[in-house]
Amino acid sequence: MATSSFNQQKLTGRPQIKYFTELNSLSNMSKIRLLRTAALAGAGFISLVSQAQNSGQQTYQGIIGKTLAESKEWWPDPVKAPQGAPNVVWVLLDDVGYGASSAFGGLIRTPTFDTLANNGLRYTNFHTCAICAPTRSALLTGRNSASVHESGFSHITMSAGFPGWDGRTPATAGTVAEILRDNGYNTFAVGKYGVTPDEEATDAGPFEHWPTGKGFDHFFGFLGSQTDQYKPDLVEDQAHVTPDGRHLSEQITDKAISFIGRQKKAAPNKPFFLYYAPGATHAPHQVAKEWSDQYKGKFDEGWDVYREKVLANQKKLGVIPANAQLPDRNINIKAWNKLTPDEKKLYARFFEVYAGYLTYTDHEVNRLLTYLKSINQFDNTLVFIIIGDNGASKEGTFNGAIERGSMFTPRTEAEQIKYNLSRLDDIGTPAGASTNYPLGWAQAANTPFRLWKQDAQSEGGTHNPLIVYYPKGIKEKGLRNQYGHVIDLLPTTLEYLGIKQPAEIRGIKQDPIQGTSLTYSIADANAPSKHTLQHYYIFGNRSVYSDGWKAAASHHPDIVDLLVSANSGKAIQPANFENDVWELYNINEDFNERVDLAKSNPEKLKELKSLFDEQAQKYHLYPLIDWEDVLKHRIHNNLINK
């Protein structure tokens, strides 16, 4: 290659003698300056050529002779985005169910999301992976989570030494940030990253799996799955930094604005990509009282009435079928009217705090968008809002959580309620370092679906709202019911921008993108879905969707089983994949999985179970690892036991 021949070129004979003769005639200071300049220029030139060739864009086109007179200079053209290319903003919220935000019929006010949805596109059939790390890895790479090694997490205790499970996104699966960076964009990320291995998350690195190692020019946020919103485990670029005491959402918004402002000052016409992923509304639910107190008394009617009201709102908006019915309340959730006054008081306060937290998050997104308006960038910004990386959380126990370990406390249910009541004023404050609402509210926030976060077998774990908004380029408004998945956003973004998937990124051959672009649906609300096959798996729970049909298996024990056992004293049966019961649903006619057709259509179920096996093998999901394997420390023991 031209670069290697350039690097290996040696000056010999008279030209070399003449060069040193002329050099010796200079003063010592001039010699030093000349040599420094030559060294820097040579290194810089080689770097430019090398980068151009490694990115697969340009090869060296100059002529290298023995003397300058015999040579012809060449410089690679700087990579630039097309004139007028839009900025791109991806917003990913955490642990928000389909029925929480008012933009999709929920009773929690999100005026920013409402405005974007009313003036853009609401995608009503969009899906995530049912838990945070798999969703984030799939989103950023446009590939199934197992394909990019994130079937579980990047945490030591929830990763394993198998290709689909080690929690280390390979360089062959380039991220959206890497692709856009090499196509003339600046790239920024703020908030939760969630896919950096624990072992690498120190200031000593290595940094290849940090955001800055995955294509982001700058990062400000936290690398793990959960952090205190007032005392976050905070990182900027490649070093931990001290938080300033303000709410993390305020800090990441300020930092995003700072990143954009600095860039626009230096390069006003250069577009940017921003990945805005607040810790909200993952536990701990922490927010100033000015936000949570807006909802005082608003949920005193309880979670059953909430579900009914949200269902009616969703029908009015058209984000669910007009004939939709609520699934039965989960058998482990008490009817609100059967609760004691103390329970109602306690549980209502948990959800008031959660609601304030979500409304506050909407406010921070509005601050960001308002800034873009102030610098005349908003109209030329393509915005994607994913309201939740999975369904509403089932990690708050039956009675709500305020401190870590509530799930495994030796307290009885009555003792836990009494304890929580004694700390009622701590809920949502810095003192409530693990605040999370009770399971009944998770079901309500997931209206109209069954089950929760982690439940990859259920729409309640995987079905989340998507809003697409681009005032300059997308004139269409309204509903889009095409089937979609987080792996679709990267190819959607690339196709809309007119960027092809690179065959290589900086010299590394790339695996194919596995998502399906949704751009076909932007202009045609009635276009048939192009994403027709998708598998799901989270620690035992699993399903596969194919052309409107879905086969799903719940795996036990899960977190709810542990809670039931703690309250009842009943022994938990060991996990056994062979004992899992598969269900079958016609999603086209039964979108929220109320009618199990497994017994009436066994052949279709058999077909889909076989299809799941094919997908699991193709995308490196095997071996199947479950929560029992995690809790009993059967995986990653080489590091756990050190």
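Since we're looking at a predicted model, the values are computed, not measured. (Residues numbered from 1 in each chain as written. Predicted model: local features only at pLDDT ≥ 70, side-chain atom pairs only at ≥ 80, totals over all residues. Heavy atoms only, no water.)

**Student:** Explain the packing of aromatic side chains to me, please; I cannot follow it from the model alone.
**Tutor:** Aromatic rings considered in pairs are described by the distance between their centres and by the relative angle of their planes. Scanning all chains against the criterion turns up 33 aromatic pairs. With a centroid separation of 4.2 Å and 5° between ring planes, the pair formed by Phe-351 and Trp-441 is classed as stacked. Within this pair, whereas Phe-351 is found in helix 10 (residues 341-374), its partner Trp-441 is found in helix 12 (residues 439-445), the two being separated by 90 residues in sequence. Given the relative accessible area of 0%, Phe-351 is considered buried. With a centroid separation of 5.7 Å and an interplanar angle of 70°, the aromatic rings of Phe-449 and Phe-591 are classed as edge-to-face. (Phe/Tyr/Trp six-rings, centres within 6.5 Å; stacked < 30°, edge-to-face > 60°. Helix = DSSP H or I, 4+ residues; strand = E, 2+ residues; numbered from the N terminus. Buried < 20%, exposed > 50% of the residue type's maximum accessible area, 1.4 Å probe, protein only.)

**Student:** Got a minute to help me understand helix 17 (residues 602-618) in this structure?
**Tutor:** Every α-helical turn comprises 3.6 residues, leaving residues that sit three or four positions apart pointing alike. Taking 1.5 Å per residue, 17 residues should reach 24 Å; helix 17 reaches 24 Å between its end C-alpha atoms and fits that length. Within helix 17, burial applies to Lys-604, Leu-605, Leu-608, Leu-611, Phe-612, Gln-615 and Ala-616. Taken end-on, helix 17 shows its buried residues confined to a sector of 140°, consistent with a single buried face. Of the residues in helix 17, the exposed ones pointing more than 90 degrees away from the buried face are Glu-603, Lys-606, Gln-617 and Lys-618. Residues of helix 17 that are buried in the fold lie against strand 15 (533-538), strand 16 (541-546), strand 17 (549-553) and strand 18 (582-586). (Expected span 1.5 Å × (residues − 1). Arc of directions from axis to C-beta. Contact = heavy atoms within 4.5 Å.)

**Student:** Just checking my understanding: could you explain the side chain of His-636 for this structure?
**Tutor:** With respect to the helices, strands and loops of the structure, His-636 is situated in the loop between helix 18 (627-631) and helix 19 (637-640). Among the polar contacts listed, one links the side chain of His-636 to the side chain of Ser-159, at a separation of 2.8 Å. Apart from the residues lying within four places of it in its own chain, the contact partners of His-636 are Ile-156, Ser-159, Ala-160 and Glu-199. (Polar contact = N/O pair within 3.5 Å; in protein donor to acceptor, adjacent residues only side chain to side chain.)

**Student:** Looking at this model, I keep getting lost on the pattern of salt bridges. Mind explaining?
**Tutor:** Pairing is possible between side chains of opposite charge, provided their charged atoms come close. All chains considered together, the criterion is met by 33 salt bridges. The network of salt bridges with common partners includes Asp-244, Arg-246, Glu-250, Asp-254, Glu-364 and Arg-367. (Salt bridge = Lys/Arg side-chain N within 4 Å of Asp/Glu carboxyl O.)

**Student:** Is there a simple way to think about the sheet that holds strand 16 in this case?
**Tutor:** Judged by pairing direction, the sheet is antiparallel, and its four strands sit side by side in the order 15-16-17-18 without closing on themselves. Each end of this open sheet is capped by a strand with a single partner; those strands are strand 15 and strand 18. Looking at each pair of strands side by side, their axes are set apart by 10° on average, direction ignored. Two elements, strand 17 and strand 18, share five bridges in a ladder whose sense is antiparallel. If you follow Ala-551 over to strand 18, its bridge partner there is Leu-584. (Pairing = 2+ DSSP bridges. Axes fitted to C-alpha atoms, helices over the stretch in contact; angles between N-to-C directions.)

**Student:** Would you take a moment to explain the pairing of strand 10 (residues 466-469) for this structure?
**Tutor:** On a regular strand, one side chain projects to one face of the sheet and the next to the other, so that they alternate. The two faces of strand 10 match: Leu-466 and Val-468 on one face and Ile-467 and Tyr-469 on the other face are all buried. Taken together, the three bridges between strand 2 (residues 121-123) and strand 10 define a ladder with antiparallel strand orientation. Looking at strand 10, one finds that Arg-122 is bridged to Ile-467.

**Student:** What am I meant to see in the environment of Ala-85 here?
**Tutor:** Within the element layout of this structure, Ala-85 appears in the loop between helix 3 (28-54) and strand 1 (87-92). Each C-alpha atom of the pair Ala-85 and Lys-270 lies 8.3 Å from the other, and the pair is 185 residues apart in sequence. Setting aside residues no more than four positions away along its own chain, Ala-85 makes contact with Tyr-185, Pro-271 and Asn-380.

**Student:** Would you mind showing me how to read helix 10 here?
**Tutor:** Between its first and last C-alpha, helix 10 extends 49 Å over 34 residues, near the 50 Å set by a 1.5 Å rise per residue. Summarising burial for helix 10: 24 of the 34 residues are buried, a large majority. Note on helix 10: the residue one or two positions beyond its end, Asn-376, has a positive phi of about 60°.

**Student:** Explain the side chain of Glu-178 to me, please; I cannot follow it from the model alone.
**Tutor:** By the element assignment, Glu-178 lies in helix 6 (residues 176-181). A polar side-chain atom of Glu-178 sits 2.8 Å from the main-chain amide nitrogen of Thr-175. With residues up to four places along the chain from it excluded, the contact list for Glu-178 reads Ala-173, Gly-213, Lys-214, Gly-215 and Ile-505.

**Student:** Sorry if this is basic, but what is going on with the pairing of strand 8 (residues 272-277) here?
**Tutor:** Burial analysis of strand 8 places six of its six residues in the buried class, which makes it a mostly covered element. Residues Phe-272, Leu-274 and Tyr-276 of strand 8 are buried on one face, and the alternating residues Phe-273, Tyr-275 and Ala-277, pointing to the opposite face, are buried as well. Sheet analysis places strand 4 (residues 186-192) next to strand 8, joined by six bridges and oriented parallel. The residue bridging Phe-188 from the neighbouring strand is Leu-274, located in strand 8.

**Student:** For this particular structure, what's the right way to read the packing of helix 7 (residues 248-266) against helix 10?
**Tutor:** The description of two helices packed together rests on the angle between their axes and the distance between the axes. Where helix 7 meets helix 10, the axes come as close as 10 Å, and the angle between the chain directions of the two elements is 15°. With respect to helix 10, the axis of helix 7 lies roughly parallel. Every pair of crossing elements has a handedness; the one defined by helix 7 and helix 10 is right-handed. Facing Ser-249, Glu-250, Thr-253, Asp-254, Ala-256, Ile-257, Ile-260 and Gly-261 of helix 7, the residues of helix 10 in contact are Tyr-360, Glu-364, Arg-367, Leu-368, Tyr-371 and Leu-372. (Parallel < 35°, antiparallel > 145°, perpendicular 65-115°, else oblique. Left-handed = near helix turned anticlockwise from the far one by under 90°.)

**Student:** Explain empty space enclosed by the protein here, please?
**Tutor:** Using a probe with the size of a water molecule, rolled over the atoms, empty space left in the structure can be pinpointed. Tallying each qualifying case throughout the model produces four cavities of 30 Å³ or more. There is about 80 Å³ of room inside the largest cavity. Lining of the largest cavity is provided by Cys-129, Asn-144, Ser-145, Ala-146, Ser-151, His-485, Gln-534, His-535, Tyr-536, Tyr-537 and Leu-621. Top contributing element to the lining of the largest cavity by residue count: strand 15, with four residues. Across the lining of the largest cavity, the residue classes tally to five nonpolar, six polar and no charged. If you add up the space inside the second largest cavity, you get close to 60 Å³. (1 Å grid on protein atoms, 1.4 Å probe; cavity = no way out; pocket = protein on both sides within 12 Å on 5 of 7 lines; lining within 4 Å. Points joined across faces, edges and corners; volume = space filled by probe spheres on them. Nonpolar A, V, L, I, M, F, W, Y, C, P; charged D, E, K, R; others polar.)

**Student:** Honestly, the environment of Leu-382 in this entry has me stumped. Any pointers?
**Tutor:** Tracing the sequence through the fold places Leu-382 in strand 9 (residues 381-386). Judged by relative accessible area, which is 1%, Leu-382 ranks as buried. Taking the C-alpha atoms as reference, Leu-382 lies 9.4 Å from Tyr-496; in sequence the two are 114 residues apart.

**Student:** Help me understand the packing of helix 10 against helix 11 (residues 413-422) in this model?
**Tutor:** At a minimum axis distance of 10 Å, the contact between helix 10 and helix 11 shows a crossing angle of 60°. The orientation of helix 10 relative to helix 11 falls into the category oblique. Classified by chirality, the crossing of helix 11 by helix 10 is left-handed. Together, Asp-342, Glu-343, Leu-346, Tyr-347 and Phe-350 of helix 10 and Ile-417, Asn-420 and Leu-421 of helix 11 make up the contact between the two elements.

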